[in-house]
Amino acid sequence: MKLTTKQLTLCGVLTTLALALSVMENQIPLSAAIPLPGIKLGLANIVTVFALYVLGPVQAMLILVARCILGAVFAGNMNALLFSVMGGVTAMLMMILLSRLPGLSVYGVSIGGAAAHNCGQIAAAIISLGNTAPLYYLPILLGVSLFTGALTGIIAACLFRALAHTNLMRG
Amino acid sequence: MRSSPKLKPGIWDALVALIVLVMAVGCACAVWTGDSDGGGELEAVVRMDADGTDTEIRMRLDGLNRVERTVTSNGYTLQIVLTETEAWVEASDCPTQDCVHTGHISRSGQSIVCLPARVIVQLVGGDGGDPGVDAVVG
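What counts and how
Residues numbered from 1 in each chain as written. Chains lettered and ligands numbered in written order. Predicted model: local features only at pLDDT ≥ 70, side-chain atom pairs only at ≥ 80, totals over all residues. Helix = DSSP H or I, 4+ residues; strand = E, 2+ residues; numbered from the N terminus. Buried ≥ 20, exposed ≤ 12 C-beta atoms within 10 Å, placed from the backbone. Contact = placed C-beta atoms within 7 Å. Core = buried A, V, L, I, M, F, W, Y, C linked by C-beta atoms within 7 Å. Domains from an automatic or database assignment. Nonpolar A, V, L, I, M, F, W, Y, C, P; charged D, E, K, R; others polar. Pairing = 2+ DSSP bridges. Axes fitted to C-alpha atoms, helices over the stretch in contact; angles between N-to-C directions. pLDDT = per-residue confidence, 0-100.

Asker: Could you give me a rundown of the overall build of chain B, with the residues and numbers involved?
Answerer: Secondary structure summary: chain B contains two helices and seven strands in total. Mapped in sequence order, the helices and strands of chain B form the string α-β-β-β-β-β-α-β-β. The buried share among the 138 residues of chain B stands at 39%. Across chain B, every contact between residues at least 6 apart in sequence was considered, and the portion connecting residues at least 24 apart equals 43%.

Spelled out as C-alpha cells, the structure:
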C-alpha cells in the first residue's frame, strides 16, 4: 500500500479528530438521559465512515486501530483496548461489507456499523469474563444502536454534503 | 474520493434498521426469557477473579436481613450489598463505575457485570418471574 502525502496527512488528521471525538463523548452524560451505564453516542464512528468512503477500507482500518490504541494509552486503561478494538474492527468489517451494497446510503452503513460495534463489544466482554452474563445487555444495546447509528449517519451525510465541492473529496 | 456515498436514505436502509430491530427483539426473547438456572429459592451468585483464581460465592437471599460483602477482584474492590429481595453494588473503585450505576437487581436472571474488576453478581433460582433488563456491562 502506497500513500500519497495528502492521504498520509489526512490519515493523521482523521486519527486526531477521532481521538478528540472519543474523549469528548466520554464527557457527555448520556446515561443521565438514558439510565443505562456504558452507553455512548459513537461519535468517532463519523470519522470511520468518512475515512471509509474518502480514503478506503485499509486506511480507515488503520485510523481506527490507531485511535483505539492511542485512546487506551491516553485514558490509562489498557483493559479497554480489547473492547474498543473488537467493537471497532467488527463495526469496520460490517461497514466495509455494507458500503459495497449499491442500494445502501450512509445511514444504513452507519446503523449496521453501530449494531456490529455493540455485538463486538459484548463478544469481547464474554471472552474476557468467560461468562455469558453480558448477553443480557445486548438487546438494549442493539435497540440504542438504531438511534446512535442514525445520528452518526446524519452527521456524516451533512459532512459529505458540506465538503462535496472541496479538493478533499476529489482525492 | 474512492466512492461516492449515497446521502439520501432509502428502502434498503430501512431494511438494515429493521434487521437490527428484529435482532434486538430476538435477543431479548432469547436472553430475557430463557432459563434462569434454577427453581427453588432466590440465590445471589458472585463470580470474581480473586488473586488470579476464578472464585464463586453463593448466598441464599431468603430470610437475609442485610449482608455487605467487600470483594477484591482483579485489583479493584467492590462493596456488594445483599438483602432478602435485592442485590446491588454499593461502591467500587473501578474506573467506569457502571456496576454502581446499574442499581438494584431483584429478579432471577438479572446480573450486574463489572468488567474492570471481572466481577459478576447474578440472581438465580426463585420462581424465575419476569427477568427484566438490569444487566449492565461495567
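Read on, since the account is not over.
Asker: I'd love a proper account of the nonpolar core, names of residues and values included.
Answerer: In this structure, Val49(A), Ala51(A), Cys114(B), Val119(B) and Val121(B) are the most contacted members of the largest nonpolar core, which totals 79 residues. Ranked by the residues each element gives to this core, the list is headed by helix α6 (residues 106-129) of chain A, at twelve residues. Counting the residues that make up this core, at least three belong to each of domain 1 (6-35) and domain 2 (43-124) of chain B. Setting aside chain neighbours within four positions, we find Val49(A) in contact with Met95(A), Val106(A), Val109(A), Ser110(A), Thr152(A) and Ala156(A).

Asker: Tell me what's going on with the interface of chain A and chain B, and back it up with residues and numbers.
Answerer: Taken together, the contacts link 42 residues of chain A with 38 residues of chain B. Sorting the residues of the side of chain A that touches chain B by element identifies α3 (44-54), α6 and α7 (138-162) of chain A as the ones contributing at least two each. By residue number, the principal contributor to the side of chain A that touches chain B is α7(A), which donates ten residues. Residues belonging to the side of chain A that touches chain B are distributed by class as follows: 26 nonpolar, 14 polar and two charged.

Asker: Before we move on, could you go through the sheet that holds strand β5 (residues 87-92) of chain B and cite the residues and values that matter?
Answerer: Residues and elements named next belong to chain B. Strand order across the open sheet formed by three strands is β3-β4-β5, with antiparallel pairing between neighbours. A strand with exactly one partner marks an edge of an open sheet, and here the two such strands are β3 (66-73) and β5. Here the average twist between neighbouring strands, direction ignored, is 25°. With five bridges connecting them, strand β4 (residues 76-83) and β5 associate as antiparallel partners. From the neighbouring strand, Leu82 faces β5, where its bridge partner is Ala87.

Asker: Can you break down unusual backbone geometry residue by residue, with the values?
Answerer: Residue and element names in this part refer to chain B. Backbone geometry places Asn74, a non-glycine residue, at a positive phi of 50°. Inspection of the secondary structure puts Asn74 in the loop between β3 and β4. We note that Arg118 has phi near 55°; this positive angle belongs to a residue other than glycine. Relative to the helices and strands, Arg118 is located in the loop between β6 (111-114) and β7 (119-124).

Asker: Break down the confidence of the model for chain B for me, citing the residues and quoting the values.
Answerer: Of the residues in chain B, 83% reach a pLDDT of 70 or more, and the chain-wide mean stands at 83. In the model output, the complex is listed with pTM 0.84 alongside ipTM 0.86.

Asker: Explain the sheet that holds strand β2 (residues 53-60) of chain B to me, and be specific about the residues and the numbers.
Answerer: All names here are of chain B. What the four strands build is an open sheet, ordered β2-β1-β7-β6; its pairing is antiparallel. Looking at strand neighbours, the two that pair on one side only are β2 and β6, the edges of this open sheet. With direction set aside, neighbouring strand axes in the sheet form an average angle of 15°. Bridge count between strand β1 (residues 43-50) and β2: eight bridges; the pairing is antiparallel. Across the sheet, residue Ala44 finds its bridge partner in β2, namely Met59.

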